[in-house]
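# Inside the fold
The chain contents come next:
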Amino acid sequence: MFDSCTDPSALSGLGWLLCYLTTGKHLMFYASFGTVLALLVITAPLALAFGFGGALAARSNILPLRIFGKAYTAMVRGVPDIIFFLFVPIALDQGLEYIRHVTLCPDWTEPVRQNMNFLVCPAAKLPPNSAPQIWHEIYGFILAVVAFAVVFGAFASNVLFGAMKAVPRAQLETGEAYGMSPRQITRRILIPQMWVYAMPGLSNLWMILIKATPLLFLLGVEDIVYWARELGATKSGIYDYPHPDWRIWYFLALLVFYLLMTKISEWAFARINARLSRGQATLAGEKMRKAAA
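Residues numbered from 1 in each chain as written. Predicted model: local features only at pLDDT ≥ 70, side-chain atom pairs only at ≥ 80, totals over all residues. Heavy atoms only, no water.

### Points about the overall build of the protein
- The secondary structure content of the protein amounts to 10 helices and 2 strands.
- When the elements of the protein are put in sequence order from the N terminus, they spell out α-α-α-α-β-β-α-α-α-α-α-α.
- Going through the 293 residues of the protein one by one, you find that 37% of them count as buried.
- Of the contacts formed within the protein by residues at least 6 apart in sequence, a portion of 64% connects residues at least 24 apart.
- For the protein, the computed accessible surface area is about 17,300 Å², with 66% contributed by carbon and sulfur atoms. (Helix = DSSP H or I, 4+ residues; strand = E, 2+ residues; numbered from the N terminus. Buried < 20%, exposed > 50% of the residue type's maximum accessible area, 1.4 Å probe, protein only. Contact = heavy atoms within 4.5 Å. Areas by Shrake-Rupley, 256 points an atom, 1.4 Å probe, with all protein chains shown as cover.)

### A short note on the UniProt feature "transmembrane region" (unreviewed entry) in the protein
- The UniProt feature table records "transmembrane region" (unreviewed entry) at residues 27–53, 74–92, 138–161 and 248–269.
- End C-alpha atoms of residues 27–53 are separated by 40 Å, and the span's content is 100% helix alongside 0% strand. (UniProt positions renumbered as here; feature names shortened; annotations may be inferred.)

### Overview of the pattern of salt bridges
- Applying the stated rule across the entire model yields 4 salt bridges.
- E97 is paired through a salt bridge with K125; the nearest N and O atoms lie 3.8 Å apart. Pair noted here: E97 is in helix 4 (residues 81–104) and K125 is in the loop between strand 2 (117–118) and helix 5 (133–166), with a separation of 28 residues, a long-range link.
- With a relative accessible area of 26%, K125 lands in the partly exposed category.
- Here R169 and E173 are joined by a salt bridge, their closest N and O atoms 3.6 Å apart. Pair noted here: R169 and E173 are both in helix 6 (residues 169–177), with a separation of 4 residues, about one helical turn. (Salt bridge = Lys/Arg side-chain N within 4 Å of Asp/Glu carboxyl O.)

### Concerning a nonpolar patch on the surface
- Taken together, the side chains of I82, I83, L86, F87 and L218 make up a nonpolar region of the molecular surface, amounting to roughly 450 Å² of accessible area.
- You can see L86 is positioned in helix 4. (Patch = residues over 30% accessible without salt bridge, like charges linked within 9 Å, V, L, I, M, F, W, Y side chains within 5 Å.)

### Section: the side chain of S265
- Examined against the element boundaries, S265 turns out to sit in helix 9 (residues 247–277).
- If we ignore the near neighbours within four places in the chain, the residues touching S265 are W206, M207 and I210.

### Examining the state of the cysteines
- For the structure on display, the rule yields 1 disulfide.
- What pairs with C105 in a disulfide is C121, and their sulfur atoms sit 1.9 Å apart. Because the torsion about its S-S bond is 80°, the bridge between C105 and C121 counts as right-handed. With a gap of 16 residues between them, C105 in the loop between helix 4 and strand 1 (113–114) and C121 in the loop between strand 2 and helix 5 connect regions that are remote in the sequence. For the pair shown, C105 and C121 are each scored as buried. (Disulfide = S-S within 2.5 Å.)

### What about the packing of helix 3 (residues 63–78) against helix 5?
- Contact geometry of helix 3 with helix 5 gives a least axis separation of 9 Å together with a crossing angle of 115°. Relative to helix 5, the crossing made by helix 3 is left-handed. Contacts between helix 3 and helix 5 involve Y72, T73, V76 and R77 from the first element and A149, V150, V151, G153, A154, F155, S157 and N158 from the second.
- Here the residues of the contact of helix 3 with helix 5 sort into 7 nonpolar, 4 polar and 1 charged. (Axes fitted to C-alpha atoms, helices over the stretch in contact; angles between N-to-C directions. Left-handed = near helix turned anticlockwise from the far one by under 90°. Nonpolar A, V, L, I, M, F, W, Y, C, P; charged D, E, K, R; others polar.)

### A word on the environment of A268
- Structurally, the position occupied by A268 is in helix 9.
- Residue class for A268 comes out partly exposed when judged on its relative accessible area of 28%.
- Sequence separation between A268 and S203 is 65 residues, and the spatial gap between their C-alpha atoms is 9.6 Å.

Written out as structure tokens, the structure is:
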């Protein structure tokens with residue numbers, strides 16, 4: 001039953017607990033914390049890029065781009081997140097497999113849609129059925145990252161669009177007076193100054209992203225919530241454990257982890273906000289200027 005102890009029945013007390021906490025299944029539980037951190041590290045810049053593109057599109061003078069930017073923000077914000085978290089991975093997975101199916105299996109005669117089933121030729125499967133399990137897990141993680149980036153990119157787009165509108169018009173008119181083109185004004189004045197207005201909204205969005213990471217469990221990724229539930233139970237559909245219901249202790253560990261992540265994030269955003277506010281004509285900037293006087 002234990003992966004790292006030859007005879008756990010001969011152990012007791014602390015020795016048994018140390019043996020239990022160092023099993024292969026627990027090592028996978030500890031590794032799943034890295035999965036959550038990797039999701040945050042990869043998703044945050046992707047969502048910011050999606051949001052930045054959506055905000056610029058919503059401000060564009062080109063009508064189709066402006067409609068696309070506003071529609072992207074409104075559609076994702078107006079539909080429950082869980083729908084997109086489930087829809088995006090399925091749609092992306094089936095779309096990629098269909099393209100491969102058409103390309104690799106042109107002689108396939110059976111319909112792809114058969115009632116409720118989506119069937120493609122074996123060569124079109126992603127990943128291939130013969131691929132090691134690690135590639136299936138990586139592929140599922142990539143789909144989850146895309147889903148998170150699409151959803152949180154829409155919220156970031158709304159935040160950045162509002163921050164761009166908050167930049168004083170006089171700053172932009174100064175650039176116009178110096179003969180700058182609209183693109184130069186956007187790149188040299190608007191974008192550098194909008195961040196101080198965007199940081200409160202982006203920091204809140206980051207906190208929401210941290211709290212949303214347990215949705216990995218719903219997307220089929222074995223994250224910390226999955227392992228806490230499996231390891232804490234007396235018996236699951238997969239494992240049988242020699243202990244009573246310990247789920248409360250595992251979920252308390254998750255509580256500490258998320259509170260620690262929140263505290264570190266608050267400290268980091270406070271430092272970033274202070275750096276961005278220095279010299280700005282904002283409430284925080286004026287407070288810093290008076291404190292230095």
